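Summary of the model geometry
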Amino acid sequence: MTDEPRPIIPKLGGYDFYKQVLGSPRYVVGPMVDQSELAWRILSRRYGAQLVYTPMINAKVFMDPKNPKYQDLSFDIPNGEEGGPADRPLIVQFCANDPDILLAAAKVVEPHCDAIDINFGCPQDIARRGKYGCFLQDDWDLIYRLINILHTNLRIPVTAKFRVFPTVEKTVQYAQMMERAGAQILSCHGRLREQRGVNSGLADWDKIRAVKRAVKVPVFANGNVLYASDAIRCLAHTGADALMSAEGQLYNPALFASLPKVITDDVIASAFPPSPTDPTNFPGYASHLLLHPPHADLALEYLSIVRSIKTPTALSAVKGHLFKIMRPALGVEKDLRERLGQVRGNLQALEEYQAICEEMQLRMVKAAEPFQNVPLAVLAKLDEPSRSILLPYWLAQPYFRPPPPTPRDRGKG
């Protein structure tokens, strides 16, 4: 075995790859465990997503001969739909902490996607135990080797998704290290490793902007996008090449529908409220509300996709999607929420889901009927505590996490 560096396999990289292979995407659906599966990717593309990632795949388990079913469950090559013509452009994401295992896993899916992404951002406890995701954040040598082995040995590019550090300076240095290792796109999630769950807080767009200014490869911005206008503001503030949404898009898969690819001054002006006291009073507000279709319609469209494809969709993913899409009404239609929760993973599950969504659709049409001639901008209300816009409960809309507990709140316990 030689210590001499191997020649890099020639391939498009950086902006050439971003433009010529990916088609210069502006609106991206990020990787989500058990949620960005094929059926969801198809739905997302119908509503304006220009690039979609697979769920995160554990490279070690993917290559474990003792767990042969995991490969097809994670990325179903035999059926030919994942990574097929209707599933492009596509980036497959892996988590890993062993460069050789990562390369072996990437080689399996290499012919079926446009790039391999490495997850350096997952903050969950399972990532801590497995030593991957953002818990590699302090091992820069390993991160470099994980990226570089793919950059050197694959015929497609490697990209990286990561979280920021407490300081701008270290965040920028981290991104530059990944660029040197060979990452051809950097997706920057503007939250710290500690920001998760009830402590998620806000993403720091200033750090994303600093990364964008410091590297020469395309940068995707991730964090704080719940409405279409947030996407425009984020792109304007950070200068990022694309906006990546994950959780926000799960509650409204039409988040990107009809958004412009070119962010002009007029587009930016339409997304900025002139007064912080009333975010409903600004140009373009009514048009942004049109990006929130009836959630039951979206749920039924998703189920029709699940039924139409050969690739199996995990019933846990289906249930998760339906709970999120129809969340605004499930607090009102409590019997449907209970029925949805009671569906078990059997052969009748899809029929039961279909019946629940059809019933929800009937109820939402009835609920909306008295307001057919009322402008949506009139029906929307401002929620003072969160400064968020609450839409009628028959429409798809974002979920606002409760703010992190303050020291005073903790003292009340």
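For the structure, see preceding data.
Residues numbered from 1 in each chain as written. Predicted model: local features only at pLDDT ≥ 70, side-chain atom pairs only at ≥ 80, totals over all residues. Heavy atoms only, no water.

Quick look at the overall build of the protein chain now. Across its full length, the protein chain carries 20 helices and 11 strands. Here the protein chain holds 413 residues, and 53% of them are scored as buried. For the protein chain, restricting intrachain contacts to residue pairs at least 6 apart in sequence, the fraction spanning at least 24 positions comes to 71%. As presented, the protein chain carries roughly 18,900 Å² of accessible surface, and 55% of it is formed by carbon and sulfur atoms. (Helix = DSSP H or I, 4+ residues; strand = E, 2+ residues; numbered from the N terminus. Buried < 20%, exposed > 50% of the residue type's maximum accessible area, 1.4 Å probe, protein only. Contact = heavy atoms within 4.5 Å. Areas by Shrake-Rupley, 256 points an atom, 1.4 Å probe, with all protein chains shown as cover.)

Right, let's get into unusual backbone geometry. The linkage connecting Arg88 with the following residue, Pro89, adopts the cis geometry, with an omega of -10°. For Lys131, which is not glycine, the phi dihedral falls at a positive 55°. Lys131 gets classed as partly exposed once you look at its relative accessible area, which sits at 40%. Look at Asn224: it is not a glycine, yet its phi comes out positive at around 75°. Along the chain, the position of Asn224 falls in the loop between β8 (219-222) and α10 (228-238). You can call Asn224 partly exposed: its relative accessible area is 21%.

Before going further, it helps to examine the packing of helix α2 (residues 38-46) against helix α14 (residues 295-308). With their axes 9 Å apart at the nearest point, α2 and α14 run at an angle of 130° to one another. The pairing of α2 with α14 is recorded here as oblique in orientation. In the crossing of α2 with α14, the sense of the turn from one axis to the other is right-handed. Across the interface between the two elements, Ala39, Trp40, Ile42, Leu43 and Arg46 of α2 pack against Leu298, Glu301, Tyr302, Ile305 and Val306 of α14. A per-class count over the contact of α2 with α14 returns eight nonpolar, no polar and two charged. (Axes fitted to C-alpha atoms, helices over the stretch in contact; angles between N-to-C directions. Parallel < 35°, antiparallel > 145°, perpendicular 65-115°, else oblique. Left-handed = near helix turned anticlockwise from the far one by under 90°. Nonpolar A, V, L, I, M, F, W, Y, C, P; charged D, E, K, R; others polar.)

What follows is about the packing of helix α15 (residues 315-325) against helix α18 (residues 349-368). At a minimum axis distance of 11 Å, the contact between α15 and α18 shows a crossing angle of 10°. The angle between α15 and α18 places the two elements in the roughly parallel class. On α18, the residues that touch Leu315, Val318, Lys319 and Leu322 of α15 are Ala349, Leu350, Tyr353 and Cys357. A breakdown of the residues in the contact of α15 with α18 according to their chemical character gives seven nonpolar, no polar and one charged.

All right, on to the side chain of Asp230 then. Here Asp230 is to be found in helix α10. Exposure remark for Asp230: the relative accessible area of 9% places this residue in the buried category. Within the structure, the side chain of Asp230 is placed 2.3 Å from the side chain of Arg233, a separation counted as a polar contact. (Polar contact = N/O pair within 3.5 Å; in protein donor to acceptor, adjacent residues only side chain to side chain.)

Inspection of the secondary structure assignment puts Arg363 in helix α18. Sequence separation of Arg363 and Ala296 is 67 residues, and the distance between their C-alpha atoms is 9.5 Å. Setting aside residues no more than four positions away along its own chain, Arg363 makes contact with Glu333, Asp335 and Leu336. At 2.8 Å, the side chain of Arg363 and the side chain of Glu333 are in polar contact.

This brings us to the nonpolar core. Core analysis: the biggest nonpolar cluster contains 105 residues, and Phe94, Ile116, Phe120, Ile147, Leu150, Met178 and Leu322 have the highest contact counts within it. Among the nonpolar cores identified, the runner-up in size contains 12 residues, and Val28, Leu51, Tyr53 and Ile91 belong to it. (Core = buried A, V, L, I, M, F, W, Y, C linked by side-chain atoms within 4.5 Å.)

On to the pattern of salt bridges, then. This model, assessed by the stated rule, comprises 17 salt bridges. Here Asp139 makes a salt bridge to Lys131, at a shortest N to O gap of 3.8 Å. Taking relative accessible area as the criterion, Asp139 reaches 26% and is therefore assigned partly exposed. Taking the shortest distance from any N to any O, the salt bridge between Asp141 and Arg145 comes out at 3.2 Å. One end of the pair, Asp141, and the other, Arg145, are both in helix α7 (residues 140-153), four residues apart, so they sit about a helical turn from each other. Where salt bridges share partners, they join Arg41, Arg45, Glu82 and Asp87 into one cluster. (Salt bridge = Lys/Arg side-chain N within 4 Å of Asp/Glu carboxyl O.)

Further remarks concern the packing of aromatic side chains. Evaluated as defined, the whole model comprises 13 aromatic pairs. Ring geometry for Phe62 and Tyr70: centres 6.5 Å apart, planes at 80°, overall edge-to-face. Pairing Phe62 with Phe94 gives two aromatic rings, centres 5.5 Å apart and planes at 70°, and the pair type is edge-to-face. On the criterion of sequence distance, the pair formed by Phe62 in helix α3 (residues 59-62) and Phe94 in strand β4 (residues 90-95) is long-range, its members being 32 residues apart. Feature note: the residues Trp140, Phe162, Phe165 and Tyr174 constitute an aromatic cluster, connected by ring pairs. (Phe/Tyr/Trp six-rings, centres within 6.5 Å; stacked < 30°, edge-to-face > 60°.)

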